[in-house]
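Breakdown of the fold
Listed below are the residues making up each chain.
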Amino acid sequence: MSNRIVYSIIVPLYNEELVIDESYRRLKKVMDSVKEDYEIIFVNDGSKDKTREKVEEMCESDKKIKLINFSRNFGQQAAITAGMDLSQGDAVVVIDADLQDPPEVIFRMIKKWKEGYEVIHGKRIKRDGETFFKRFTAKIFYRILKSITTIDIPLDTGDFKLIDRKVCNSMISISEKNRYVRGLVSWVGYKQICVEFERKDRFAGESKYSLQKMFKLAFDGIASFSYKPLAIAGYLGSLSFFTGVISIFVTIVKNMFNQSKTIDFSIIISMNLIMFGITLGCIGIIGQYIGRIFDESKGRPTYIIDSTENYAHIKKREVQQ
Ligand code: UDP
Ligand code: MG
């Protein structure tokens, strides 16, 4: 084995004490059998359980394991970004810790990489053990995203993928704050292909994605790659204007033939509620974009590193983003 690191495996971790041992065992088994040098980068995204202590122990006994500890929870996308920033491999694999993405699929990804592909997406053809709500919303979301964006994000792919060093370097050069990694990987281009796999049930524990986090990620995806939601305000404005014009016309005609001038207030109240709903909804959409512009303008880092393990050659200050 040469000393050059060929593969960097990035694993974001948030309160994964129940899965981390098994995750490490399976990943190590796969990577040891590849017979080329590798590093496994665990990014501890501000876990409050024993995840940090467990990985620190692993780092003691296995120098191929690296640990990045965030100062707090910055989210999975920030954790993946930090892993990429501090990766050294010629190929970089991003995989969830909970074994929903089977580590054995990495063999097939490596095969495609050696054939010359530079981005190998893991495409889910089946999702075991996830709730109907999660499968349904994911299916709808990916299809909406595809229809309103101009970049080609393959359907049913998540963050499980292998990317070549030059793709990783392109990702590192993107300074966007609210990052939607799976979209950016498609956006940077290069030679891309999918490998299909069956997504398994979580090995242990619960999903770390609350509804709020899921919504934030979904809107990061949409706002990063499409202006179409902003155009909706314009369409709804026109629709409302023409409905108003037609309604005035109908009222005038009705009044010409009908002498009774009774006003039905319930219709007026309903119309007002609908109009307020549309107006505030549009302001909400605009707000999502303005919030993201605000984040960019503040220029705060995507993440803050508290400490690292087994990064002997990197001083702590140098890894602050
Ligand atoms: N994760 C993270 N930070 C978070 C939420 C999740 O690093 O704020 C990690 C988590 O530990 C796991 C991966 O991201 O390795 C995917 O999370 P999860 O399995 O909970 O998401 P789901 O599969 O339910 O969408
Ligand atoms: Mg999961």
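Residues numbered from 1 in each chain as written. Chains lettered and ligands numbered in written order. Predicted model: local features only at pLDDT ≥ 70, side-chain atom pairs only at ≥ 80, totals over all residues. Heavy atoms only, no water.

Within the protein chain one finds 10 helices and eight strands. Structurally, the protein chain occupies a C-alpha span of about 95 × 40 × 35 Å along its principal axes. Of all 321 residues assigned to the protein chain, the portion counted as buried reaches 45%. Contacts in the protein chain between residues at least 24 apart in sequence constitute 82% of all its contacts with a sequence separation of at least 6. Carbon and sulfur atoms provide 62% of the accessible area of the protein chain, an area that totals close to 17200 Å². A distance of 5 Å separates the average location of the 49 positive side-chain charges in the protein chain from that of its 41 negative side-chain charges. (Helix = DSSP H or I, 4+ residues; strand = E, 2+ residues; numbered from the N terminus. Buried < 20%, exposed > 50% of the residue type's maximum accessible area, 1.4 Å probe, protein only. Contact = heavy atoms within 4.5 Å. Areas by Shrake-Rupley, 256 points an atom, 1.4 Å probe, with all protein chains shown as cover. Lys, Arg positive; Asp, Glu negative; His and termini not counted. Charge placed at Lys NZ, Arg CZ, Asp CG, Glu CD.)

With respect to spatial proximity, 19 residues lie near ligand 1, and among them Glu 16, Asp 45, Asp 98, Ser 207 and Lys 208 are the closest. Within the backbone of Tyr 14, an N or O atom sits 2.9 Å from an oxygen atom of ligand 1. Between ligand 1 and Arg 199 there is a distance of 2.8 Å, counted from an oxygen atom to a side-chain nitrogen or oxygen. Protein chains shield 95% of the accessible area of ligand 1, which is 530 Å² for the free molecule. For the shell around ligand 1, the residue count by class is five nonpolar, five polar and nine charged. (Near = heavy atom within 4 Å. Polar contact = N/O pair within 3.5 Å; in protein donor to acceptor, adjacent residues only side chain to side chain. Nonpolar A, V, L, I, M, F, W, Y, C, P; charged D, E, K, R; others polar.)

Another aspect to go through is the coordination of the magnesium ion (ligand 2). Around the magnesium ion (ligand 2), the donor atoms from the protein are Asp 98 (OD) and Gln 100 (OE1), and they sit 1.9 to 2.0 Å away. A single burial state applies to Asp 98 and to Gln 100, both of which are buried. (Donors = N, O, S within 2.8 Å, 3.2 Å for Na, K, Ca; no water.)

Let's shift gears to the sheet that holds strand 4 (residues 91–94). Taken together, the eight strands give an open sheet; going across it, the order is 7-5-6-4-1-2-3-8, and neighbouring strands pair in mixed fashion. Of all strands in the sheet, those with a lone pairing partner are strand 7 (192–199) and strand 8 (305–309), marking the two edges. In this sheet, neighbouring strand axes are inclined to one another by 20 degrees on average, regardless of whether the strands run parallel or antiparallel. Inspection of the sheet shows strand 3 (residues 65–70) paired to strand 8 by four bridges, in the antiparallel sense. Looking at strand 8, one finds that Asn 69 is bridged to Ser 307. Sheet strands in contact with helix 6 (residues 165–173) are strand 4, strand 5 (119–127) and strand 6 (157–164), and its direction is about 115 degrees off that of strand 6. (Pairing = 2+ DSSP bridges. Axes fitted to C-alpha atoms, helices over the stretch in contact; angles between N-to-C directions.)

Under the local residue numbering, the UniProt record ascribes the feature "transmembrane region" (unreviewed entry) to residues 232–253 and 265–290. The span residues 232–253 is 100% helical and 0% strand by assignment, and the distance between its end C-alpha atoms comes to 32 Å. Between the C-alpha atoms that bound residues 265–290 there is a distance of 37 Å. The span itself is 100% helix and 0% strand. (UniProt positions renumbered as here; feature names shortened; annotations may be inferred.)

Next up on the list: a nonpolar patch on the surface. A contiguous nonpolar patch, built from Ile 246, Ile 248, Phe 249, Val 250, Ile 252, Val 253, Met 256 and Phe 257 and spanning about 850 Å² of accessible area, is present on the exposed surface. Residue classification places Ile 252 among the partly exposed positions, given a relative accessible area of 48%. (Patch = residues over 30% accessible without salt bridge, like charges linked within 9 Å, V, L, I, M, F, W, Y side chains within 5 Å. Salt bridge = Lys/Arg side-chain N within 4 Å of Asp/Glu carboxyl O.)

Bringing the nonpolar core into the picture now. Core analysis: the biggest nonpolar cluster contains 42 residues, and Val 43, Ile 68, Phe 70, Met 84, Ile 163, Met 171 and Tyr 180 have the highest contact counts within it. Broken down by secondary-structure element, the contributors of at least two residues to this core are strand 2 (38–44), strand 3, helix 3 (76–85), strand 4, helix 5 (132–148), helix 6, helix 7 (181–188) and helix 8 (211–225). Ranked by residue count, the leading element in this core is helix 8, at six residues. Not counting residues up to four positions away in its chain, the partners in contact with Met 84 are Ile 10, Val 94, Ile 163, Cys 168, Met 171, Ile 172 and Val 181. In terms of nonpolar packing, the next biggest core, distinct from the first, is built from 36 residues, Val 30, Met 31, Ile 106 and Ile 120 among them. (Core = buried A, V, L, I, M, F, W, Y, C linked by side-chain atoms within 4.5 Å.)

A few words now on the pattern of salt bridges. Charged atoms that come close allow side chains of opposite charge to pair. Overall, the coordinates contain 23 salt bridges when judged by the stated rule. A single network of salt bridges, built from pairs that share partners, joins Lys 28, Asp 32 and Asp 62.

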